Amino acid sequence: MAAEANACPVLTLKPGREKSLLRRHPWIFSGAIGAVAGDPGPGESVEVRSSRGDFLAWAAYSPRSQIRGRVWSFDRSEAPGPKLFRRRLQAALDLRAALLAPDAGDAMRLVHGESDGLPGLIVDRYAGVLVVQFLAAGSERWRDALTALLCELTGCDRIHERSDAEVRELEGLPRRSGALRGEALSAPVEITEHGLRFLVDASGGQKTGFFLDQRANRQRIRALCADREVLDCFCYSGGFSLAALAGGARAVVAVDSSPAALALARRNIGANGIDPGRAHWIAADVFRFLREAHARGLGYDAIVLDPPKFAPTQSHAQAASRAYKDINLFAFRLLRPGGLLATFSCSGGISGELLHKIVAGAAADAGVSATIVERFQAAADHPLLLEFPEGEYLKGLLLRRN
Ligand code: SAH
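The structure displayed is predicted, hence computed values, not measured ones.

Some remarks on the overall build of the chain
- Secondary structure summary: the chain contains eleven helices and 20 strands in total.
- Computed over the C-alpha atoms, the radius of gyration of the chain is 23 Å, within 12% of the 21 Å expected from 2.2 N^0.38 for a compact globule of 402 residues.
- The principal-axis extents of the C-alpha atoms in the chain amount to approximately 75 × 45 × 35 Å.
- Split into buried and exposed, the 402 residues of the chain put 54% on the buried side.
- Per element, the accessible surface of the chain, about 17,300 Å² overall, is 52% carbon and sulfur.
- Here the chain carries 50 positive and 45 negative side-chain charges, and the mean point of each set is 3 Å from the other.

Here it is, written out as structure tokens:
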């Protein structure tokens, strides 16, 4: 090929470091880079080449992050830009349309970052509102184009930005939130999930306001909790609690440290016409609550443990393992024979295998035997790209105490 006037900066890898890209893994770590030519700015598109000069990918450059490049495309003819983004967004929308049951409701994750070929972009739809996170330098740089395409392809004219996640700091990006399109949010947005109504605090709640990844798992709990006395730990706005109550649970005790989340959970009970007397909302630290409940000799027929991310990365895995072990140990102690434990980890640093080990250790220490009845993962609108195992963050086990 004739020497091109190369407008695009070029990132050349060290010898032998092209293997992961050849397997279509979308991250380029700083240690793999041999040379950077053309002085790319944050989020600027770069062409990635092997040490021999072969084209490998188009990527977004992140000068401040250990993940120095995030791949937009492995196809030389697909340079990053609105045309590519339109195709990726449409593919993401089509995937949801094909996979999500119509009765799943009007809230879903439309774009799940790398797993939808759009690194650093998260888009959740809550009824008529889109909530967007630009979490990497590349998606940040294309913020206007991506926002315009989202409006056009979804038909939503109300977009709220929640680029206030901690990971922005690793990219050297300031946290930012507020209205991107349309009127600012002044009240929670009402959504429906499998016929249950939830108020979502999209502007102030955790993440983008709701834990959509647990939708299918909440449905399983709903199907399994009839006549049971349920303990929902880390209940947030009452997702699992409402599912259990709608499924005929006798009573639910729900614990969270956030009074704002509990206030929303109370409103959610009311919005569904469920007798508020069946739910007991407790503002407390779960670690303490479990100990006290054990000391008081309490017991439950079903327990949900859905803690926050104790181990964002593998380096936190050891301390996080102790925390997971602790709550699972006390959950087993509180679980009546025949009782169900749904235990989750949404930590990228904790593998499914490690969670299994931790839970087995907890049961052993509690002196109980249990059977794994099911394994949980994130719902279908949180796809997992085969070549990107890092995308697997949510895992869970459903256990029955023997
Ligand atoms: N199960 C929920 C999501 C849980 S998110 C759902 O289906 O929607 C994790 C929750 O844990 C958050 O609401 C957070 O406020 C709460 N949390 C974090 N640390 C806690 C602690 N030590 N004790 C109690 N709650 C805690």
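Let's talk about the packing of aromatic side chains
- Considering all chains together, one arrives at twelve aromatic pairs under this definition.
- Three or more aromatic residues joined by ring pairs form one cluster here, namely Phe234, Phe287, Phe310 and Tyr324.
- Seen from the ring of Phe330, Arg333 lies directly overhead, with NZ or CZ sitting 5.0 Å from the centre.

Here we look at the nonpolar core
- Residues Tyr126 and Trp281 are the most contacted members of the largest nonpolar core, which totals 41 residues.
- Considering each element in turn, this core owes the most residues, four residues, to helix α7 (residues 239-246).
- There are two domains that each give this core at least three residues, and those are domain 2 (82-186) and domain 3 (211-401).
- Not counting chain neighbours up to four residues away, the residues in contact with Trp281 comprise Cys235, Gly238, Ser241, Ala254, Leu262, Ala265, Arg266 and Ile269.
- One finds Ala293, Tyr300, Ile303 and Tyr324 within the second-largest nonpolar core, a separate group that totals 34 residues.

Quick notes on the domain arrangement of the chain
- You can read the domains of the chain as domain 1 (10-73), domain 2 (82-186) and domain 3 (211-401).
- Inter-centroid distance (C-alpha atoms) of domain 1 to domain 2 is 24 Å.
- Listed per partner, the contact involves 16 residues of domain 1 and 16 residues of domain 2.
- In total, about 1,200 Å² of surface goes out of reach between domain 1 and domain 2, with carbon and sulfur atoms giving 58% of it.
- If you sort the residues of domain 1 by the area they bury against domain 2, Arg64, Arg70 and Trp72 come out on top, with a joint share of 51%.

A short note on unusual backbone geometry
- The backbone phi angle of His194 is positive, close to 45°, even though this residue is not glycine.
- With respect to the secondary-structure elements, His194 resides in the loop between β12 (189-193) and β13 (196-200).
- Its relative accessible area of 16% is what places His194 among the buried residues.

Description of the pairing of strand β1 (residues 10-13)
- Two elements, β1 and strand β4 (residues 45-49), share three bridges in a ladder whose sense is parallel. Across the sheet, the residue bridging to Leu11 is Val48, located in β4.
- In this sheet, strand β3 (residues 33-37) lies alongside β1 in antiparallel orientation, the contact comprising four bridges. Its bridge partner lying in β3, Leu13 is registered against Ile33.

Considerations on the site of the ligand
- Taken together, 16 residues surround the ligand, and among them Arg218, Asp256, Asp285, Val286 and Asp306 come closest.
- A distance of 3.1 Å separates an oxygen atom of the ligand from a polar atom in the side chain of Gln206.
- In the model, an oxygen atom of the ligand is placed 2.8 Å from a nitrogen or oxygen of the Arg218 side chain.
- In terms of residue class, the shell around the ligand is built from nine nonpolar, three polar and four charged.

Structural notes on the sheet that holds strand β7 (residues 107-112)
- Judged by pairing direction, the sheet is mixed, and its five strands sit side by side in the order β7-β8-β9-β10-β11 without closing on themselves. Whereas interior strands pair on both sides, the edge strands pair on one side only; in this sheet they are β7 and β11 (176-181). Going from strand to strand, the sheet's axes swing by 20° on average, the running direction of each strand aside.
- Sheet topology note: the strand β9 (residues 129-134)/strand β10 (residues 159-163) ladder contains three bridges and is parallel. If you follow Val131 over to β10, its bridge partner there is His160.
- Where helix α2 (residues 82-99) meets the sheet, it contacts β7 and β8 (121-126), and its direction lies at approximately 140° from that of β7.

Considerations on a positive patch on the surface
- Taken together, the side chains of Lys14, Arg17, Lys19 and Arg23 define a basic patch exposed on the protein surface.
- With respect to the secondary-structure elements, Arg23 resides in the loop between α1 (19-22) and β2 (27-29).

A short note on the pairing of strand β16 (residues 279-283)
- In the sheet, strand β15 (residues 251-256) pairs with β16 via five bridges, with the strands oriented parallel. Opposite Asp256, over in β16, you have Ala283 as the bridge partner.
- Taken together, β15, helix α8 (residues 259-271) and β16 form a β-α-β motif whose crossover is right-handed.

Looking at the packing of helix α9 (residues 286-295) against helix α10 (residues 317-334)
- Between α9 and α10, the shortest axis-to-axis distance is 10 Å and the interhelical angle comes to 30°. Considering the angle they form, α9 stands roughly parallel to α10. Taken as a pair, α9 and α10 cross one another with a handedness that is left-handed. From α9, Val286, Phe287, Leu290, Arg291, Ala293 and His294 reach across to α10, where they touch Ala323, Asp326, Ile327, Phe330, Arg333 and Leu334.
- Residues that form the contact of α9 with α10 fall into these classes: eight nonpolar, one polar and three charged.

About the criteria used
- Residues numbered from 1 in each chain as written.
- Predicted model: local features only at pLDDT ≥ 70, side-chain atom pairs only at ≥ 80, totals over all residues.
- Heavy atoms only, no water.
- Helix = DSSP H or I, 4+ residues; strand = E, 2+ residues; numbered from the N terminus.
- Rg over C-alpha atoms; globule rule 2.2 N^0.38 Å.
- Buried < 20%, exposed > 50% of the residue type's maximum accessible area, 1.4 Å probe, protein only.
- Areas by Shrake-Rupley, 256 points an atom, 1.4 Å probe, with all protein chains shown as cover.
- Lys, Arg positive; Asp, Glu negative; His and termini not counted.
- Charge placed at Lys NZ, Arg CZ, Asp CG, Glu CD.
- Phe/Tyr/Trp six-rings, centres within 6.5 Å; stacked < 30°, edge-to-face > 60°.
- Lys NZ or Arg CZ within 6 Å of the ring centre and 35° of its normal.
- Core = buried A, V, L, I, M, F, W, Y, C linked by side-chain atoms within 4.5 Å.
- Domains from an automatic or database assignment.
- Contact = heavy atoms within 4.5 Å.
- Buried area = accessible area lost by both parts, 1.4 Å probe.
- Pairing = 2+ DSSP bridges.
- Near = heavy atom within 4 Å.
- Polar contact = N/O pair within 3.5 Å; in protein donor to acceptor, adjacent residues only side chain to side chain.
- Nonpolar A, V, L, I, M, F, W, Y, C, P; charged D, E, K, R; others polar.
- Axes fitted to C-alpha atoms, helices over the stretch in contact; angles between N-to-C directions.
- Patch = residues over 30% accessible without salt bridge, like charges linked within 9 Å, V, L, I, M, F, W, Y side chains within 5 Å.
- Salt bridge = Lys/Arg side-chain N within 4 Å of Asp/Glu carboxyl O.
- Right-handed = clockwise from strand over helix to strand, strands pointing away.
- Parallel < 35°, antiparallel > 145°, perpendicular 65-115°, else oblique.
- Left-handed = near helix turned anticlockwise from the far one by under 90°.

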